[in-house]
Amino acid sequence: MLLNHLPTEITDRCQQFITLDAHTEGEPLRIITSGYPELKGNNILEMRQYVTKHLDRYRKLLMHEPRGHADMYGAIITPPITEGADFGVLFLHNEGYSSMCGHGILALVKVACETGAIELAGEGRVIKIDAPAGLITAKAHRDSEGKIHASFQNVDSWAEALDCSVIVEGVGEVRYDIGFGGAYYAYVDADDHGISCAQDNVAQLIDVGRRIKHAVMAAHPLVHPLEEDLSFLYGTIFTSNRVTNPEAHSRHVCIFADGEVDRSPTGTGVAARIALLHAKGEVELNTPLMIESIVDGRMIVSALSKSEFHGKQAVIPEVSGRSFITGRHQFLIDPDDLFQDGFMLR
């Protein structure tokens, strides 16, 4: 029985989306290549506002079940906005649209170069990407075996708050720092609070991570120095010194959006972490650190230089990680499908 052919009568009656899927250090990225309606806006933040208001059902359709899952992550490619940029991007997840995504940047660069969408020759090249948090400068090169490697310099990243505490319902007093690396995160030392960052403890990590996020949001309002749209706490990042790789500095488990668990160490998360560590005097500039994830993925991060961002003493982090294409999908939306907008079980 052959099931690899779609009759024209099916494709003609169904709305279609084509995606190219990848992952960075285990964290998925669904790159939407066709089928999405036109995005309107004069810059990336305006486009983000437009899709939120007018096209959110398509996010739910492609991120939520039955076509996605609670931990799916996506990207919409946009035309470049900033002079010199190669393209722009909006990032999607189970709750909405993030301001920046490190694992997504790494996957996009790797996929664009591997598929030939961006030509990569000689010593490599710089790729500039418009994201809601700002212009991202990425780099790609081929090694002696022809394999493509990607990294990016993040936006200015800083320590927003150090040595804070909040009472969390069902948990008690929780100590935290807040860092910005394209998004704001509350950092909690899991070891100090007796919380395991192992895979078999993911249910507790989700539960406590969500509780901490909401408690910090209530106790510690955030104001981005430039953009109101970036003034929100994106998630909780648990840090741990209990690592699997002896070369790793620490482990990260990021609980973001609506209880979503990052399988990677979180690109924006490691960027903000290096800013926190530098602010505390625990790491010097140009000192690479390996951060591992809940599934033993890893990213390398360093603070390249100091900077100042509208009164914030910041650093410019560089982040690298490994990305791979996992498949190409043709999604069909039958007009009679009762789950056209998807659903999410957690």
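Residues numbered from 1 in each chain as written. Predicted model: local features only at pLDDT ≥ 70, side-chain atom pairs only at ≥ 80, totals over all residues. Heavy atoms only, no water.

- Per an unreviewed UniProt entry, the recorded name for the protein is trans-L-3-hydroxyproline dehydratase, and the organism is Shewanella sediminis.
- Taken from UniProt, the Sequence similarities (unreviewed entry) comment for the protein reads in full: "Belongs to the proline racemase family."
- Entered under Catalytic activity (unreviewed entry) in the UniProt record, the comment concerning the protein runs "trans-3-hydroxy-L-proline = 1-pyrroline-2-carboxylate + H2O". (UniProt positions renumbered as here; feature names shortened; annotations may be inferred.)

1. Re the overall build of the protein
Alright, step 1. What the protein contains, in helices and strands, is six helices and 18 strands.
Alright, step 2. The principal-axis extent of the C-alpha atoms belonging to the protein is close to 65 × 50 × 40 Å.
Alright, step 3. Residue burial in the protein is summarised as follows: out of 346 residues, 53% are buried.
Alright, step 4. With an accessible surface of roughly 15300 Å², the protein has 47% of that area assigned to carbon and sulfur atoms.
Alright, step 5. Considering the protein, the positive charge centre built from 30 side chains and the negative charge centre built from 47 side chains are found 2 Å apart. (Helix = DSSP H or I, 4+ residues; strand = E, 2+ residues; numbered from the N terminus. Buried < 20%, exposed > 50% of the residue type's maximum accessible area, 1.4 Å probe, protein only. Areas by Shrake-Rupley, 256 points an atom, 1.4 Å probe, with all protein chains shown as cover. Lys, Arg positive; Asp, Glu negative; His and termini not counted. Charge placed at Lys NZ, Arg CZ, Asp CG, Glu CD.)

2. Things to note about the pairing of strand β13 (residues 250-256)
Alright, step 1. With seven of its seven residues buried, β13 lies for the most part within the structure.
Alright, step 2. Side chains S250, H252, C254 and F256 of β13 all project onto a buried face; the interleaved residues R251, V253 and I255 project onto the opposite face, where all are buried too.
Alright, step 3. With six bridges joining them, strand β12 (residues 233-240) and β13 adopt antiparallel strand pairing. Bridge pairing links S240 to R251 in β13.
Alright, step 4. When β13 meets strand β15 (residues 289-292), the two strands line up parallel, connected through two bridges. (Pairing = 2+ DSSP bridges.)

3. Considerations on the pattern of salt bridges
It is possible for side chains of opposite charge to pair when their charged atoms get near one another.
Alright, step 1. Within the structure shown, the criterion is met by 18 salt bridges.
Alright, step 2. For the salt bridge of E25 with R298, the shortest nitrogen-to-oxygen distance reads 3.8 Å. You can see E25 sitting in the loop between β1 (15-24) and β2 (27-34) and its partner R298 sitting in strand β16 (residues 298-309), a full 273 residues away along the chain.
Alright, step 3. In this structure E25 comes out as buried when scored by relative accessible area, which is 6%.
Alright, step 4. We note a salt bridge from D296 to R251, for which the minimum N-O separation is 2.4 Å. Taken together, the residues D296 in the loop between β15 and β16 and R251 in strand β13 connect sequence positions 45 residues apart. (Salt bridge = Lys/Arg side-chain N within 4 Å of Asp/Glu carboxyl O.)

4. Overview of unusual backbone geometry
Alright, step 1. Cis geometry marks the peptide bond from E65 to P66, where omega comes out at 5 degrees.
Alright, step 2. Within the secondary structure layout, P66 lies in the loop between α3 (56-63) and β3 (74-78).
Alright, step 3. With phi around 55 degrees, D163 is a residue other than glycine that occupies positive phi space.
Alright, step 4. Within the secondary structure, D163 sits in strand β9 (residues 157-168).
Alright, step 5. One non-glycine residue, A257, lies in positive phi territory at about 50 degrees.
Alright, step 6. Looking at where A257 falls in the secondary structure, it is placed in the loop between β13 and β14 (260-261).

5. Describing the packing of aromatic side chains
Alright, step 1. Taken as a whole and judged by the stated rule, the model has 14 aromatic pairs.
Alright, step 2. Summarising the aromatic geometry, the rings of F232 and Y234 are spaced 6.3 Å apart at their centres and angled 90 degrees between planes, so their arrangement reads as edge-to-face.
Alright, step 3. Connected via pairs of aromatic rings, a cluster forms that spans Y73, F91, Y185, Y187, F232, Y234 and F256.
Alright, step 4. When the ring centre of Y58 is taken as origin, the NZ or CZ atom of R57, which lies over that ring, is 5.1 Å away.
Alright, step 5. Sitting over the face of the ring of Y97, R59 holds its NZ or CZ atom 5.7 Å from the ring centroid. (Phe/Tyr/Trp six-rings, centres within 6.5 Å; stacked < 30°, edge-to-face > 60°. Lys NZ or Arg CZ within 6 Å of the ring centre and 35° of its normal.)

6. Observations concerning the nonpolar core
Alright, step 1. Judged by nonpolar contacts, the single largest core of 85 residues is most densely connected at I105, V109, I127 and F238.
Alright, step 2. Top element by residues in this core is helix α4 (residues 102-114). It accounts for eight residues.
Alright, step 3. There are two domains that each give this core at least three residues, and those are domain 1 (15-150 + 325-333) and domain 2 (157-321).
Alright, step 4. Residues contacting F238, with those up to four places away along its chain left out, are V188, A190, I195, C197, L205, V208, G209, I212, R251, H252, V253 and I255.
Alright, step 5. Of all hydrophobic cores here, the second largest spans 20 residues; its members include I44, M47, Y58 and I76. (Core = buried A, V, L, I, M, F, W, Y, C linked by side-chain atoms within 4.5 Å. Domains from an automatic or database assignment. Contact = heavy atoms within 4.5 Å.)

7. Notes on helix α6 (residues 267-279)
Alright, step 1. Taking 1.5 Å as the rise per residue, α6 with 13 residues should run 18 Å; its terminal C-alpha atoms sit 19 Å apart, in good agreement.
Alright, step 2. Counting buried residues along α6, 12 of its 13 residues qualify, which places the element largely inside the surrounding structure.
Alright, step 3. Restricting attention to buried positions, one finds in α6 the residues G267, T268, G269, V270, A271, A272, R273, I274, A275, L276, L277 and H278.
Alright, step 4. Just downstream of α6, G281 is the residue with a positive phi angle, here 75 degrees. (Expected span 1.5 Å × (residues − 1).)

8. Regarding the state of the cysteines
Alright, step 1. Under the definition given, this model contains zero disulfides.
Alright, step 2. Unpaired in this structure, C254 has its nearest cysteine sulfur neighbour in C101, at a distance of 9.9 Å. (Disulfide = S-S within 2.5 Å.)

9. Description of the environment of I136
Alright, step 1. Within the secondary structure, I136 is located in strand β7 (residues 134-142).
Alright, step 2. A C-alpha to C-alpha distance of 9.3 Å links I136 and M100, two positions 36 residues apart in sequence.
Alright, step 3. Here I136 is in contact with M100, I105, I127, K128, I129, A131, F152, Q153, N154 and V155, once residues within four sequence places are set aside.

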